[in-house]
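So you can see what is in the structure, the chains are spelled out below.
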2 protein chains.
Amino acid sequence: MTTAQIKDVLALATARLAPAGEYIFDEGAEAASFHLLLDGHIQVERLNAEGDRVISLHIPPGQLFGIAKALGRTTYPASAVAAVDCVVLSWPMSQWSEFADRYDGFATETYSVIGARMAEMHNRIMELATQRVEQRIACALLRLSEKHGRQVEGGTEIAFPITRKVLSEMTGSTLHTVSRLLSAWERDEIVKSKRKHIFVLDPSRLEQLAQ
Amino acid sequence: MTTAQIKDVLALATARLAPAGEYIFDEGAEAASFHLLLDGHIQVERLNAEGDRVISLHIPPGQLFGIAKALGRTTYPASAVAAVDCVVLSWPMSQWSEFADRYDGFATETYSVIGARMAEMHNRIMELATQRVEQRIACALLRLSEKHGRQVEGGTEIAFPITRKVLSEMTGSTLHTVSRLLSAWERDEIVKSKRKHIFVLDPSRLEQLAQ
DNA sequence: CTCCGAGTTTGCGCTTCAACAACCTTTGGC
DNA sequence: GCCAAAGGTTGTTGAAGCGCAAACTCGGAG
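Parameters at a glance
- Residues numbered from 1 in each chain as written.
- Chains lettered and ligands numbered in written order.
- Predicted model: local features only at pLDDT ≥ 70, side-chain atom pairs only at ≥ 80, totals over all residues.
- Heavy atoms only, no water.
- 1 Å grid on protein atoms, 1.4 Å probe; cavity = no way out; pocket = protein on both sides within 12 Å on 5 of 7 lines; lining within 4 Å.
- Points joined across faces, edges and corners; volume = space filled by probe spheres on them.
- Helix = DSSP H or I, 4+ residues; strand = E, 2+ residues; numbered from the N terminus.
- Nonpolar A, V, L, I, M, F, W, Y, C, P; charged D, E, K, R; others polar.
- Phe/Tyr/Trp six-rings, centres within 6.5 Å; stacked < 30°, edge-to-face > 60°.
- Buried < 20%, exposed > 50% of the residue type's maximum accessible area, 1.4 Å probe, protein only.
- Lys NZ or Arg CZ within 6 Å of the ring centre and 35° of its normal.
- Near = heavy atom within 4 Å.
- Polar contact = N/O pair within 3.5 Å; in protein donor to acceptor, adjacent residues only side chain to side chain.

(A) The arrangement of empty space enclosed by the protein in detail. Counted under the stated rule, the structure contains 2 cavities of 30 Å³ or more. If you add up the space inside the largest cavity, you get close to 330 Å³. Along its surface, the largest cavity is lined by 21 residues, and Val 44, Leu 71, Pro 77 and Arg 117 of chain A together with Met 118 of chain B are the ones closest to its centre. Taken together, the elements giving at least two residues each to the lining of the largest cavity come down to strand 5 (53-59) and helix 3 (106-130) of chain A together with helix 3 (106-130) of chain B. Top element by residues in the lining of the largest cavity is helix 3 of chain B. It accounts for 4 residues. Residue composition of the lining of the largest cavity, by class: 15 nonpolar, 4 polar and 2 charged. Reported here for the second largest cavity is a volume of approximately 100 Å³.

(B) Main features of the packing of aromatic side chains. All names here are of chain A. In the structure shown here, the tally under the stated rule is 19 aromatic pairs over all chains. Aromatic side chains Phe 25 and Phe 65 sit 6.1 Å apart centroid to centroid with 25° between the ring planes, which places their arrangement in the stacked category. Placement of the pair is Phe 25 in strand 2 (residues 23-25) and Phe 65 in strand 6 (residues 64-65), with a sequence separation of 40 residues. According to the relative accessible area criterion, Phe 25 is buried, its value standing at 10%. With relative accessibility at 1%, the residue Phe 65 sits in the buried group. Centroid distance Trp 91 to Phe 99: 5.7 Å. Interplanar angle 70°. Geometry classified as edge-to-face. Judged by its relative accessible area of 3%, Phe 99 falls in the buried class. An aromatic cluster of at least three residues, connected via ring pairs, comprises Phe 34, Trp 91, Trp 96, Phe 99, Tyr 103 and Phe 106. Taking NZ or CZ as reference, Lys 192 lies 5.3 Å from the ring centre of Phe 199, over its face.

(C) Seen up close, the protein's contact with DNA strand C. Around DNA strand C, 18 residues are found, and the nearest of them are Val 133 and Thr 177 of chain A together with Arg 164, Ser 179 and Arg 180 of chain B. Counting only the atoms of DNA strand C that lie within 4 Å of the protein, the sugar and phosphate share comes to 61%. Between DNA strand C and Thr 174 of chain A, the relevant distance is 3.4 Å, taken from a phosphate oxygen to a side-chain nitrogen or oxygen of the residue. At a separation of 3.2 Å, a base oxygen of DNA strand C approaches a polar side-chain atom of Arg 195 of chain A. Elements represented by at least two residues in the surface near DNA strand C include exactly helix 6 (175-187) of chain A together with helix 6 (175-187) of chain B. For the surface near DNA strand C, the class distribution of residues is 2 nonpolar, 9 polar and 7 charged.

This is the structure:
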């Protein structure tokens, strides 16, 4: 895309600040807009019939999300919540095809993102189907630190606040089990954690635990 | 697509018969072709590091598969095996973009398929994360009978041979547990099974079991 | 017709982990 | 500085379901 094209596109967007905890859109709602995360972290989640929350993925800044239209859907398949204060650009879904037609590489880029997300979901399915809780949590921490990590002295910090509860909802477990494991791993100096913040100190041993 | 266009397209395809058990392509292999299943049933699967097989989805006749290129990938993310004798049309992946450009609706149609598959994977993740084995197996049977069912007197038969082992690999369980549950459900006249064949007699009670 | 192997059934012990419960700690609002 | 609420720790218990083992049965190859 040229600079002129970028200007055009930005002129059509609405920017807004979503404070931590705000829902950008809800599962099942009509997909009226697609979004770009400029800053912050978005959590994509669904509730099952019994009301258990399952967190499917986290969106890092710079990614499009809520692109239901690209997949032939008219409603959002999941909800998106701001995990921290976020800056979000939004466009009406009606402009999707225009964008795709007009800007070369827009569609290709988008489908690469979708491909990557599918691959990630595929991995999650494998993990859930074959690994034990301990391994799954180790995997989740590794993924988070790789994709959403920030280097600090001594290790990698996960770049947004994350509770035991959230980690359990990402791994199909309970906050109790997560708490126990994090405590054990902290004793072994594999991770370190403050409330809502986790640091991976020794990724190689975490990988071992994930097998 | 017009009839003339269909003829063009078919002229470029290679047709072949894949006997039951044959691998159409392997996980990780270079994505040289994309395929259309004319007849039969394809099973998409992956192996994890320990060699456990996980079955992600089943492809019904009439669907495209192995469409890695559409998702910006150069290798297949999973393997595809013929679950029964299959008739498969294949095109070299190099023709993908040509097809997408030339035939209106081709791309849109494809992305709808991808959207549906993502939705299904999403559901699988939810199930694996929150439901117990019994519920997951009930869900799997319902899905199979809906998407790959064939009406027979008294119920619905799953349209391709399926072992306890396969069902366990679809649900992240073991063939023993599946066997036990099927036996119990057969006593309650919810399902009926011959070796490699399963009939769903009472879908409503199965839905109850799946909650 | 017989044999062999793939598919299935069933029992038993043992591990994993969710459920329940109680208590502790940190943080932010007033 | 106090309080409430959110978040975290830790112990105990019970059950789900996996691993192992052994036996059974069907169906096809020869």
